[in-house]
Amino acid sequence: MSHMQIEQLRGRLDELNSQLLELLSERAEIGQQIGEWKRNAGLPLHDPVREKEMLDRLAAQNSGPLDEATVRRLFGDIFKATLQVQIEAPAKRKLLVSRASHREDTVVQIGDTAIGGGEPVLVAGPCSVESREQVREVAAALKRAGVPVIRGGAFKPRTSPYDFQGLGFEGLKLLKEAADEFGLLTISEIVTPAHLEEAAQYVDIIQIGARNMQNFELLKAAGDMRKPVLLKRGLAATMDEFLHAAEYIVSRGNSQVMLIERGIRTYEKWTRNTLDISAVPLLKRESHLPVLVDVSHSTGRKDIMAPCAKAALAAGADGIMVETHPNPAAALSDADQQLDLGEFAEFVRDVQSSGLYRAIKS
Ligand SMILES: C=C(O[C@@H]1C=C(C(=O)O)C=C[C@H]1O)C(=O)O
């Protein structure tokens, strides 16, 4: 046989491989549907009687060149594979937030700013909105640094009830006023479902905080909004819990959801929390939603914020959140971890020098 003939036959085998794969995939999908039905009906997934019937029928149909034992073994393997697909948590693969159901990156577009699937963005601002002057000064610094989104807490879920609880709606108004003056977008945490509608007048992105990641009524209410939501990972939330929390929002019709890793609680004390960098590529792989990293709450220390931001971007993050305040020492919350405006400008320069982030030109 000539070399050309072999090439032709191999080409034909390649074609048959593709067809077989297509058929096997179709078969596995049907198996999945049957598996789901069985699960709902409380029936066992494995049905050896049905498998034996099929094998006997195939053996009878077989006219070679494969011998009977081989046909039985090959189909036995196919049934096993179908069973495996049925067993593997089907819920996970079918989540709306998963890549399995939506391959392309979700891009949250707010005005001229796009988050996800392209250039990473910075989100910065004070931990809490404290006064008109404070938030205005920060907004001006953000504008100078080419940062498009200002953050600032107005409803603060603090560990102690005796700590500063935020200025509430007054804080949101001050944030919006400063943002409008400098052409920025706003983001702020909302903690009460009943506040969402009113808050939507002042915030472009609703933040759901780490402590509320599994506040299901809040998630549902945010899902009924048609506003972008930034969902923070809970202090001890697994990836699975995090994605299911996002699913609560998306399943109500609000597809504009962004995820943010903010550090998890571990035994380590040198950082405020432990920044879980692996969350970034994992979430990017499992989900199509934009993924950000909060380098302030995760590290809680200024000296490693820039390297951690670079690591997050290198790992594929779509954005970085960082806290900055005109006078951190006098801040009403998170005094130790907020960058002053000089440190913030330096932080932006440092992150930019990595080539992983480009500031937006104003
Ligand atoms: C798909 C089913 O579930 C399992 C997988 C089978 C298959 O791959 O054909 C057959 C029997 C079960 O063990 C089914 O019951 O039909």
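Please read these numbers as outputs of a predicted model, since none were measured by experiment.

Tell me about the side chain of Asn-254, residues and numbers included.
Structurally, the position occupied by Asn-254 is in the loop between α9 (239-250) and β8 (257-261). Asn-254 sits in the buried class, given a relative accessible area of 1%. At a separation of 3.2 Å, a polar atom in the side chain of Asn-254 contacts the main-chain amide nitrogen of Gln-256. Excluding residues that lie within four positions of it along the chain, Asn-254 makes contacts with Ala-222, Gly-223, Met-225, Arg-226, Lys-227, Val-229 and Ile-249.

Let's hear about the nonpolar core: which residues, and what values?
By size, the foremost hydrophobic cluster in this structure holds 75 residues, and its most contacted members are Leu-231 and Phe-347. Among all residues touching Leu-231, those that are not within four sequence positions of it are Ile-208, Met-213, Leu-219, Phe-242, Ala-245, Ala-246, Ile-249, Met-258, Leu-259 and Ile-260. One finds Val-121, Val-149, Met-258 and Leu-292 within the second-largest nonpolar core, a separate group that totals 14 residues.

So what's going on with the state of the cysteines? Residues and values would help.
Scanning all chains against the criterion turns up zero disulfides. No disulfide involves Cys-127; its sulfur sits 18 Å from that of Cys-308, the nearest cysteine. Under the relative-accessibility criterion, Cys-308 is labelled buried at 16%.

Account for the domain arrangement of the protein, with residues named and values stated.
When its domains are assigned, the protein resolves into domain 1 (3-92) and domain 2 (108-353). Taken over C-alpha atoms, the centre of domain 1 sits 48 Å from the centre of domain 2.

Summarise the sheet that holds strand β4 (residues 149-151); cite the residues concerned and give the values.
Reading around the barrel, the eight strands line up as β3-β4-β5-β6-β7-β8-β9-β10 and close back on themselves, with parallel pairing between neighbours. Neighbour-to-neighbour, the strand axes of the sheet open up by a mean angle of 25°, direction not taken into account. Two elements, β4 and strand β5 (residues 185-189), share three bridges in a ladder whose sense is parallel. Residue pairing across strands places Val-149 opposite Leu-185, the latter belonging to β5. Each of β4 and β5 is contacted by helix α6 (residues 169-182), which is oriented at about 160° to β5, the strand it contacts most. Of the strands in this sheet, β6 (205-208), β7 (229-232) and β8 touch α9, which is tilted by about 160° from β8.

Account for helix α8 (residues 216-224), naming residues and giving values.
Three or more residues of α8 are buried, namely Leu-218, Leu-219, Ala-221, Ala-222 and Gly-223. The elements touched by buried residues of α8 are α7 (196-199), β6, β7 and α9.

Hey, could you go over the environment of Gln-207 for me, with residue numbers and the actual values?
With respect to the secondary-structure elements, Gln-207 resides in strand β6. Sequence separation between Gln-207 and Glu-189 is 18 residues; the distance between their C-alpha atoms is 4.2 Å. In contact with Gln-207, not counting residues within four places along its chain, are Arg-151, Ile-187, Ser-188, Glu-189, Ile-190, Leu-230, Lys-232 and Met-321.

What counts as what
Residues numbered from 1 in each chain as written. Predicted model: local features only at pLDDT ≥ 70, side-chain atom pairs only at ≥ 80, totals over all residues. Heavy atoms only, no water. Helix = DSSP H or I, 4+ residues; strand = E, 2+ residues; numbered from the N terminus. Buried < 20%, exposed > 50% of the residue type's maximum accessible area, 1.4 Å probe, protein only. Polar contact = N/O pair within 3.5 Å; in protein donor to acceptor, adjacent residues only side chain to side chain. Contact = heavy atoms within 4.5 Å. Core = buried A, V, L, I, M, F, W, Y, C linked by side-chain atoms within 4.5 Å. Disulfide = S-S within 2.5 Å. Domains from an automatic or database assignment. Pairing = 2+ DSSP bridges. Axes fitted to C-alpha atoms, helices over the stretch in contact; angles between N-to-C directions.

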